[in-house]
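In case you want the letters, here they are:
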Amino acid sequence: MTPLVQIMDVYKNYGPVRALNGVSLDVFKGEVVCIIGPSGSGKSTMLRCINNLEKISRGLIKVDGEIIGYKLVDGMLHELSDKLASRQRSKIGMVFQQFNLFPHKTVIENLIEGPTHVKGTKQQKARDTAAKLLNQVGLNEKAHSYPNQLSGGQQQRVAIARALAMEPELMLFDEPTSALDPELVGEVLQVMRGLANSGHTMIVVTHEIGFAREVADRIVFMDDGMIVEEGIAKELLADPKHTRTQNFLTAVRA
Amino acid sequence: MSSIVKQSSDDAFKDKYHYPIATKFRYGRYLAAAIILFIAILIVHAFVVGKIDWGVVREYLFARSILTGIVNTVVLTIISMFLGISFGLIAALMRGSSNLVVRNTALFYIFFFRSVPVLLQLLIWYNLALIFPTIAIPGLFSIPMTEVATPFVAAVLAFGISQGAYTSEVIRSGLLSVDRGQAEAAKSLGMTKGQTLRRIIIPQAMRVIVPPVGNETIGMVKYTSLASIIQYREIIYSAQTIYFANAQVIELLFVCAFWYLVVVSILSFGQMHIERYYNRSSRDTAKGETKK
Ligand SMILES: Nc1ncnc2c1ncn2[C@@H]1O[C@H](COP(=O)(O)OP(=O)(O)OP(=O)(O)O)[C@@H](O)[C@H]1O
Ligand SMILES: [Mg+2]
């Protein structure tokens with residue numbers, strides 16, 4: 001079985017800064033992979049490269065067999081047109097630390113924006129799907145609220161529903177609970193747990209080690225733009241091989 | 001704890017601490033009112049005893065050429081602003097381009113048309129016939145410049161193009177005011193650059209863009225009077241034509257002032273409503289919860 005996501009020797013430079021320094025990783029369909037690591041280790045960068053919010057400097061990323069952001073012609077990579085690049089992104093859902101809901105649109109409008117304007121779904125059908133998703137994240141009574149009338153936890157649940165409305169084959173989460181007050185973290189993790197259990201393929205950057213242990217199939221530890229260590233979640237957390245991993249885990253558990 | 005609750009419901013306790021609050025006497029307010037009233041009386045008195053013929057003001061208020069003049073003023077304002085906002089948007093987008101040539105072209109446009117006075121631009125557009133007698137693409141068509149560069153066309157070009165240079169800065173700051181995460185969220189849903197701009201960025205930028213563009217529109221209503229010097233028949237030109245004949249100068253200028261007040265009032269009202277629309281999602285004004 002070929003992996004859904006194939007990251008092959010990827011480098012990403014920001015001027016002199018090497019944010020990714022030769023990263024390789026495979027993620028299979030239905031897998032939940034959590035990425036942990038210290039600040040500045042390149043976790044967000046890797047996620048953003050997977051859905052082409054950032055262009056990689058070297059290497060190759062494939063999702064569902066398609067090269068992300070480029071087309072291979074006669075042994076040369078040619079940048080995709082805006083339209084084709086957008087089509088690739090539409091198949092990958094992303095949830096941001098800062099939610100990034102559209103503040104000028106109501107919750108339901110946020111949810112149908114992608115389906116109606118990107119996929120060409122009919123209004124009514126998109127609204128029905130959106131209502132189901134709101135129910136799934138426990139927010140049906142908020143359909144006509146504006147984002148700034150919601151708590152952080154509610155906003156993040158809407159953001160997850162908005163990404164799901166596109167029926168993506170892959171969901172990316174960049175520290176989805178880091179901007180939340182502690183008492184609101186649980187409700188968001190609960191929704192994500194549900195997604196993991198229903199077979200979604202997820203890559204989650206998180207500092208919630210407990211969540212990672214419970215939900216992740218695999219954990220990847222990054223440092224300095226490289227993958228230092230990866231393994232079965234429970235094994236890696238119980239018995240990290242690298243001193244850097246050990247130090248990081250000691251620090252976050254303290 | 002329970003003793004505090006008991007105390008505050010105790011009347012004796014209440015009486016002890018509940019003093020009436022004296023109304024503050026606002027000397028400043030009364031003084032200002034007195035001064036303003038005095039000045040107002042002076043001004044009204046001056047105009048009553050002054051040699052102004054209110055009958056003439058009334059007579060010309062709805063005169064045909066005055067009405068045509070104010071309509072022409074409004075038409076010129078609307079078309080110039082439309083052109084200005086269009087050019088402004090294009091220049092603002094060009095300034096944000098990653099293409100060096102495109103970016104610098106926009107910068108030059110803004111620099112040039114902000115530097116040359118509008119009055120001068122009016123005269124130049126109007127007098128283009130002096131250097132280019134005809135507009136022609138050989139073999140296709142050829143038109144005498146005097147037919148193209150009418151007062152109206154010259155005025156629209158001068159006002160629209162120079163307004164665009166100013167408006168581009170307003171639009172640019174509006175676009176920059178929208179959080180970068182918004183564009184990323186839109187992209188991650190698979191929206192193209194154009195869709196992101198139209199559906200996500202511009203609607204949010206409008207909150208920042210509308211107030212200054214509203215002010216500029218109101219400014220434009222008055223700027224258009226400059227076009228009288230190239231014989232565009234806006235309201236001041238019409239009034240002048242009349243008072244050159246009948247010498248009722250002040251009366252006709254008052255008529256103009258009246259109509260400017262009417263137009264600006266309508267525009268201010270419109271601006272207020274547009275601003276309210278684009279602020280609808282703010283927590284304090286939104287009715288999202290109660291909307292069906
Ligand atoms: N747009 C950018 N321009 C320049 N440098 C950047 C940019 N984005 C990230 N970097 C740098 O790349 C490196 C990796 O950043 P990244 O955001 O991927 O880290 P991270 O692991 O997500 O950290 P955190 O846990 O703080 O979110 C950092 O050194 C960062 O300063
Ligand atoms: Mg990050």
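Given the structure is predicted, the values throughout are model-derived calculations rather than measurements. (Residues numbered from 1 in each chain as written. Chains lettered and ligands numbered in written order. Predicted model: local features only at pLDDT ≥ 70, side-chain atom pairs only at ≥ 80, totals over all residues. Heavy atoms only, no water.)

**Section: the overall build of chain B**
Scanning chain B for helices and strands turns up 13 helices and 2 strands. Expressed as lengths along the three principal axes of its C-alpha atoms, the size of chain B is roughly 100 × 70 × 40 Å. In chain B, buried positions account for 34% of the 292 residues. Carbon together with sulfur atoms contributes 68% to the accessible area of chain B, which is approximately 18400 Å² in total. A distance of 7 Å separates the average location of the 27 positive side-chain charges in chain B from that of its 15 negative side-chain charges. (Helix = DSSP H or I, 4+ residues; strand = E, 2+ residues; numbered from the N terminus. Buried < 20%, exposed > 50% of the residue type's maximum accessible area, 1.4 Å probe, protein only. Areas by Shrake-Rupley, 256 points an atom, 1.4 Å probe, with all protein chains shown as cover. Lys, Arg positive; Asp, Glu negative; His and termini not counted. Charge placed at Lys NZ, Arg CZ, Asp CG, Glu CD.)

**Considerations on the overall build of chain A**
Scanning chain A for helices and strands turns up 9 helices and 12 strands. Taken against the 2.2 N^0.38 rule, which gives 18 Å for 254 residues, the C-alpha radius of gyration of chain A at 18 Å falls within 12% of a compact globule. Referenced to the eigenvectors of the C-alpha coordinate spread, the extents of chain A come out at roughly 50 × 50 × 35 Å. Each of the 254 residues in chain A was classed as buried or not, and the buried ones make up 56%. In chain A, once contacts between residues fewer than 6 apart in sequence are set aside, the share between residues at least 24 apart is 64%. In the structure as shown, chain A presents an accessible area of about 10900 Å², 49% of it carried by carbon and sulfur atoms. When the 29 positive and 29 negative side-chain charges of chain A are each reduced to one mean point, those points stand 5 Å apart. (Rg over C-alpha atoms; globule rule 2.2 N^0.38 Å. Contact = heavy atoms within 4.5 Å.)

**Examining the interface of chain A and chain B**
Facing 31 residues of chain A, the contacting portion of chain B comprises 28 residues. Buried area between chain A and chain B, both sides added, is near 2700 Å², and the carbon and sulfur share of it is 50%. On the surface where chain A and chain B come into contact, there are 2 salt bridges. Arg-199 of chain B serves as the salt-bridge partner of Glu-113 of chain A, at 2.5 Å between the closest nitrogen and oxygen. Connecting chain A to chain B are 8 residue pairs in polar contact (both at pLDDT 80 or more). Counting only elements with at least two residues in the side of chain A that touches chain B, the list comes to helix H2 (82–90), strand S8 (92–95) and helix H3 (107–119) of chain A. Considering every element that reaches the side of chain A that touches chain B, the biggest residue donor is H2 of chain A, with 5 residues. When the residues that make up the side of chain A that touches chain B are grouped by side-chain class, the tally is 11 nonpolar, 12 polar and 8 charged. (Buried area = accessible area lost by both parts, 1.4 Å probe. Salt bridge = Lys/Arg side-chain N within 4 Å of Asp/Glu carboxyl O. Polar contact = N/O pair within 3.5 Å; in protein donor to acceptor, adjacent residues only side chain to side chain. Nonpolar A, V, L, I, M, F, W, Y, C, P; charged D, E, K, R; others polar.)

**Considerations on the UniProt feature "domain: ABC transporter" (unreviewed entry) in chain A**
Residues annotated by UniProt as "domain: ABC transporter" (unreviewed entry) correspond here to residues 5–249 of chain A. In the segment residues 5–249 of chain A, helix accounts for 38% and strand for 28%; the C-alpha atoms at its two ends are 26 Å apart. (UniProt positions renumbered as here; feature names shortened; annotations may be inferred.)

**Side note on empty space enclosed by the protein**
Residue and element names in this part refer to chain A. Throughout the structure, instances matching the rule amount to 3 cavities of 30 Å³ or more. By volume, the largest cavity amounts to about 50 Å³. Along its surface, the largest cavity is lined by Val-63, Asp-64, Glu-66, Ile-68, Gln-88, Lys-91, Ile-92 and Glu-169. Here the residues of the lining of the largest cavity are counted per class, giving 3 nonpolar, 1 polar and 4 charged. (1 Å grid on protein atoms, 1.4 Å probe; cavity = no way out; pocket = protein on both sides within 12 Å on 5 of 7 lines; lining within 4 Å. Points joined across faces, edges and corners; volume = space filled by probe spheres on them.)

**Quick notes on the UniProt feature "domain: ABC transmembrane type-1" (unreviewed entry) in chain B**
In the numbering adopted here, UniProt assigns the feature "domain: ABC transmembrane type-1" (unreviewed entry) to residues 70–271 of chain B. The span residues 70–271 of chain B shows a helical share of 78% and a strand share of 4%, and its end C-alpha atoms are spaced 20 Å apart.

**Some thoughts on the site of ligand 1**
Residue and element names in this part refer to chain A. All residues in the neighbourhood of ligand 1 are listed as Tyr-14, Val-17, Ala-19, Pro-38, Ser-39, Gly-40, Ser-41, Gly-42, Lys-43, Ser-44, Thr-45 and Glu-175. Backbone polar atom of Gly-42 to an oxygen atom of ligand 1: 3.0 Å apart, as the coordinates give it. Protein burial of ligand 1: of its 630 Å² of free accessible surface, 61% is covered by the chains. Of all elements in the fold, only strand S2 (17–27) and helix H1 (43–50) reach the threshold of two or more residues within the shell around ligand 1. Taken together, the residues of the shell around ligand 1 break down into 4 nonpolar, 6 polar and 2 charged. (Near = heavy atom within 4 Å.)

**Regarding the environment of Leu-134 of chain A**
Residues and elements named next belong to chain A. Tracing the backbone shows Leu-134 in helix H4 (residues 123–136). The exposure class assigned to Leu-134 is buried, which follows from its relative accessible area of 1%. Note: C-alpha distance between Leu-134 and Val-107 (27 residues apart in sequence) is 9.0 Å. Residue contacts for Leu-134: discarding those within four places in its chain leaves Val-107, Ile-108, Leu-111, Leu-139, Asn-140 and Ala-143.

**Some points on the nonpolar core**
Core analysis: the largest hydrophobic core is formed by 57 residues, its most contacted members being Val-5, Ile-7, Met-46, Leu-170, Leu-172 and Ile-203 of chain A together with Phe-159 of chain B. The element contributing the most residues to this core is helix H9 (residues 151–177) of chain B, with 8 residues. With 51 residues, the next largest nonpolar core counts Val-107, Phe-173, Leu-195 and Ala-233 of chain A among its residues. (Core = buried A, V, L, I, M, F, W, Y, C linked by side-chain atoms within 4.5 Å.)

**As for the packing of aromatic side chains**
The full count for this structure, using the stated rule, is 14 aromatic pairs over all chains. Look at Trp-54 of chain B and Phe-254 of chain B: their rings are 5.8 Å apart centre to centre, the planes differ by 55°, and that puts the pair in the tilted class. Here Trp-54 of chain B is found in helix H4 (residues 54–61), whereas its partner Phe-254 of chain B is found in helix H13 (residues 249–278), with 200 residues between them in sequence. A connected cluster of aromatic rings, assembled from ring pairs, spans Phe-108, Tyr-109, Phe-111, Phe-112 and Phe-113 of chain B. Seen from the ring of Tyr-14 of chain A, Lys-12 of chain A lies directly overhead, with NZ or CZ sitting 5.0 Å from the centre. One Lys or Arg, Arg-58 of chain A, reaches over the ring of Tyr-11 of chain A and ends 4.4 Å from the middle of that ring. (Phe/Tyr/Trp six-rings, centres within 6.5 Å; stacked < 30°, edge-to-face > 60°. Lys NZ or Arg CZ within 6 Å of the ring centre and 35° of its normal.)

**Side note on the confidence of the model for chain B**
All names here are of chain B. On average, chain B scores 88 in pLDDT, and the residues at 70 or more come to 91%. Per-residue pLDDT, averaged within each element of chain B, yields its smallest value for helix H1 (residues 2–8) (51) and its largest for helix H10 (residues 180–188) (97). Across residues 283–292, confidence stays below pLDDT 50; counting only partners more than four residues off in sequence or on other chains, it has 21 contacts. With pTM at 0.84, the complex prediction returns an ipTM value of 0.94. (pLDDT = per-residue confidence, 0-100.)

**Some details on the layout of surface pockets**
Over the atoms rolls a probe the size of a water molecule, and its path tells where empty space is left. The space that makes up the largest pocket amounts to roughly 1100 Å³. Forming the boundary of the largest pocket are 31 residues, of which Gly-96, Ala-183, Lys-187, Lys-193 and Thr-196 of chain B lie nearest the centre. Elements represented by at least two residues in the lining of the largest pocket include exactly H2 of chain A together with helix H5 (64–95), H9, H10 and helix H11 (193–223) of chain B. It is H11 of chain B that contributes the most residues to the lining of the largest pocket, 5 residues altogether. Residues that form the lining of the largest pocket fall into these classes: 11 nonpolar, 8 polar and 12 charged. Considered as a void within the structure, the second largest pocket measures approximately 450 Å³ in volume. Forming the boundary of the second largest pocket are 16 residues, of which Ile-85, Met-206, Val-210, Val-213 and Ile-274 of chain B lie nearest the centre. Within the residue set of the lining of the second largest pocket, elements represented by two or more residues are H5, H11 and H13 of chain B. Here the element with the most residues in the lining of the second largest pocket is H11 of chain B; it accounts for 8 residues. The residue makeup of the lining of the second largest pocket, split by class, is 12 nonpolar, 4 polar and no charged.

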